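Observations on the model geometry
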Amino acid sequence: MKHFLSFFCVLLLLSIPELGLAYPLDAYPATGIRRIEAARLAVIGKMPGRRQPPGALLPTQLVDLRLLDRPELELPEPDPEFSAGIFELLGDKADRYGVAVLDLSDPDHPRYAEHRADFRQNVGSVGKIAVAVAIFQALADLYPDDIEARIRLLRETVVTADEFIQKDHHEVRIWNPDTGELTVRQLQQGDRGSLWEYLDWTLSASSNGAASMVMKTAMLLRHFGRDFPVSNDQADRFFQESSRKQLRELYEQTFLEPLTRNGLDLQYFRQGSFFTRYGKQHVPTGYNSYGTARELLRLLLLMEQGRMVDIFSSREIKRLLYMTGRRVRYASSPALGDSAVYFKSGSLYSCKTEPGFKCKKYHGNVKNYMNSVAIVETPAGVKRLFYLATLISNVLYQNSALDHQTLATNIHRMIEADHPPQPTPPGQLPPELTFGRNLIGFTDKQEERLEIANAQAALSKLGFDVGKVDGKLGPQTTKAIKTFQKKHAMKVDGKITKELLEQLKLTIERLPPADPAQPDRTGE
């Protein structure tokens, strides 16, 4: 029995977000967040590291709020057809899900779908968004008319990891700009970083230790006000000498009141405690944590409207949620590669001994919580598709991370089908193919895609079936190229070459003037 309880409790505590990174990659000079500079250098090929999908390469100025001109927008009544489509995607798992989706691709006609949207459970690391709200609310209360003072505190306040980081297994990325060395490891006592960096580690790497240090800092900021920052000795004395009642009341003022002040309902979303064992023991609140799909969607909507604290705070929280590293769970859907994704997830699973069952990551048979909140803009930097989605699930025995990834693909395809792109005249490129023009380090990739798209457009003008002109060398485009190459006695390899592009240009120049009374030419 003792062995079983040990096994059960250890697994219950496992909330394991894989490493996903956030904040725009060009923001190091403005924020001092060191690891994003390492990521940018990797993208432009100046140091080893992961290359990013196009959707992760927006510069800071293009990561902005999309609903500032619609501050009065509220969640519409659920659209029956849209909701039925979401319900169908869930299949036989529908009774284990809470889902809310707001499609704002046509902002004049928003559509809302939900299923069990008031289903409430522990949302794990999604609650770290409430930590960010608390920090930005405290800063706004101290300096309501001085954005520069807020930025100064975010950038210049040095946070030093102490006992509050215990225990945490999550790893963070620490880059040394002097040596160029990038280290990936768990936070250790004594690690120093700016408040902005600790916020980034909280939301990007989902570090429980970083989150607890940010929570400690938020309480100090709320208590000391304009006297903040204080020395580490002063901070330690405050937490040691304050009574449990005082700390609980300060916790409420710091983390619960900002949610209600910004229009959220604590009955449906609450971060009730610290994220580490030490933090829970030393700031006991007696509260539990939870969320619902609908209330989390309302949070995203308020943020996009600039109503989460204020416009500056909403914009900074959104930038902290921008995925600029390895995408995981919902955000890892292959359908979202060209999309800007603003994302947070949290998981919690637990297992018990059961004949024929082997406990695996995200496959709990007692609890298998997976929670995702996402804002999707497709393509990145181009206003075509724009929607918010929140998912809360507890499907036992299943790979919940894969389930959320699959749902992300299916929801995206559904919304794509509801908003087909406007037809592109023959021989022209669809506007979204120019989206890479402003992306960080995307020049070579953009040129390659535009080259393919130009070939597709030319082949289409000549009557060859290339499918969609999308800048991707798929099977239809390859077949069309081979057919064209064979017809013009060229080497038949299906590749985009200089010779192919020149022959396409020459062939189009030789076309007779178009006769509007005649049908289009076809390439045989």
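These notes cover the structure that comes with them. (Residues numbered from 1 in each chain as written. Predicted model: local features only at pLDDT ≥ 70, side-chain atom pairs only at ≥ 80, totals over all residues. Heavy atoms only, no water.)

What follows covers the environment of Ile481. On the secondary structure map, Ile481 appears in helix H16 (residues 475-487). Take Ile481: its relative accessible area is 0%, and that puts it in the buried class. Residues Ile481 and Leu500, spaced 19 residues apart in sequence, show a C-alpha to C-alpha distance of 8.4 Å. When neighbours within four sequence positions are excluded, Ile481 is seen to be in contact with Leu459, Leu473, Gly494, Lys495, Ile496 and Leu500. (Helix = DSSP H or I, 4+ residues; strand = E, 2+ residues; numbered from the N terminus. Buried < 20%, exposed > 50% of the residue type's maximum accessible area, 1.4 Å probe, protein only. Contact = heavy atoms within 4.5 Å.)

Counted residue by residue, strand S11 (residues 367-378) has 11 buried out of 12 residues, so it is predominantly covered. Note that strand S10 (residues 340-350) and S11 share 11 bridges and pair antiparallel. Looking at the pairing, Ala340 lines up with Glu377 of S11. Examined bridge by bridge, S11 and strand S12 (residues 385-394) share 10 bridges and lie antiparallel to one another. Bridge pairing in S12 places Ile375 opposite Leu388. Linking S11 to S12, which pair antiparallel, is a turn of 6 residues; within it Gly381 sits at a positive phi near 85°. (Pairing = 2+ DSSP bridges.)

This part is about empty space enclosed by the protein. Scanning all chains against the criterion turns up 2 cavities of 30 Å³ or more. Of the pockets and cavities examined, the second largest cavity occupies roughly 40 Å³. Lining the second largest cavity we find Leu73, Glu74, Leu75, Arg298, Leu301, Leu302, Gln305 and Arg307. Of the residues in the lining of the second largest cavity, the class split is 4 nonpolar, 1 polar and 3 charged. (1 Å grid on protein atoms, 1.4 Å probe; cavity = no way out; pocket = protein on both sides within 12 Å on 5 of 7 lines; lining within 4 Å. Points joined across faces, edges and corners; volume = space filled by probe spheres on them. Nonpolar A, V, L, I, M, F, W, Y, C, P; charged D, E, K, R; others polar.)

The residue after Phe228, namely Pro229, is reached through a cis peptide bond having omega 5°. Mapped onto the elements, Pro229 comes out in the loop between helix H8 (208-224) and helix H9 (232-241). Following Thr378, the chain continues into Pro379 via a peptide bond in cis, with omega recorded as -15°. Secondary-structure assignment places Pro379 in the loop between S11 and S12. Of note in the backbone geometry, Ser206 takes a positive phi value of approximately 55° without being a glycine. Looking at the element boundaries, Ser206 is found in the loop between helix H7 (195-203) and H8. With a phi angle near 70°, Tyr397 is a residue other than glycine that sits in the positive phi range.

The buried count for strand S1 (residues 97-103) comes to 7 of 7 residues, which makes it a mostly enclosed element. Residues Tyr97, Val99, Val101 and Asp103 point to one face of S1 and Gly98, Ala100 and Leu102 to the other, with burial holding for every one of them. Pairing analysis gives 7 bridges linking S1 to S12, with the strands arranged antiparallel. Counted as the bridge partner of Val101 is Ala389 from S12.

The next thing to look at is H9. Where H9 is concerned, the buried positions are Ala235, Phe238 and Phe239. The arc that holds the buried residues of H9, viewed along the axis, is 90°, so those residues lie on one side. When the buried face of H9 is taken as reference, the exposed residues oriented beyond 90 degrees from it are Asp233, Gln240 and Glu241. Turning to H9, the residues buried within the fold contact H8 and helix H10 (244-261). (Arc of directions from axis to C-beta.)

What follows covers the sheet that holds strand S9 (residues 290-292). Backbone hydrogen bonds hold the strands of a sheet together, and the pairing may be parallel or antiparallel. On the basis of which strands lie adjacent, the open sheet formed by 3 strands has the order S3-S9-S8 and antiparallel pairing. In this open sheet, the two edge strands, each paired with only one partner strand, are strand S3 (120-121) and strand S8 (269-270).

Take the sheet that holds strand S2 (residues 111-115) next. Spatial strand order, S2-S1-S12-S11-S10: 5 strands in an open sheet with antiparallel pairing. Looking at the sheet topology across the chains shown, the edges are occupied by S2 and S10. On average, each strand axis in the sheet is tilted by 0° relative to the strand beside it, whichever way the strands run. Together, S1, S2, S11 and S12 form the strand contacts of helix H12 (residues 293-304), whose direction differs from that of S12 by roughly 150°. (Axes fitted to C-alpha atoms, helices over the stretch in contact; angles between N-to-C directions.)

Bringing the packing of aromatic side chains into the picture now. Pairs of aromatic rings are described using the distance from one ring centre to the other and the angle between the two planes. For the structure shown, the criterion picks out 14 aromatic pairs. For the ring pair Tyr28 and Trp175, a centre distance of 6.3 Å and an interplane angle of 80° mean the geometry is edge-to-face. Linking Tyr28 in helix H2 (residues 28-31) with Trp175 in strand S5 (residues 171-176), this pair joins segments that are 147 residues apart in sequence. By relative accessible area, which is 23% here, Tyr28 ends up partly exposed. Ring pairs connect the aromatic residues Phe164, Phe224, Phe238, Phe239, Tyr251, Phe255, Phe274 and Tyr278, which therefore count as one cluster. (Phe/Tyr/Trp six-rings, centres within 6.5 Å; stacked < 30°, edge-to-face > 60°.)

Let us look at the packing of helix H5 (residues 128-142) against helix H13 (residues 311-321). Relative orientation and spacing of two packed helices are given, respectively, by the angle between their axes and the distance between those axes. One can describe the packing of H5 onto H13 by two numbers: an axis separation of 10 Å at closest approach and a directional angle of 145°. The way H5 lies across H13 gives a crossing that is right-handed. Facing H5, whose interface residues are Ile129, Ala132, Val133 and Phe136, H13 presents Phe312, Ser313, Glu316, Ile317, Leu320 and Leu321. Taken together, the residues that form the contact of H5 with H13 break down as 8 nonpolar, 1 polar and 1 charged. (Left-handed = near helix turned anticlockwise from the far one by under 90°.)

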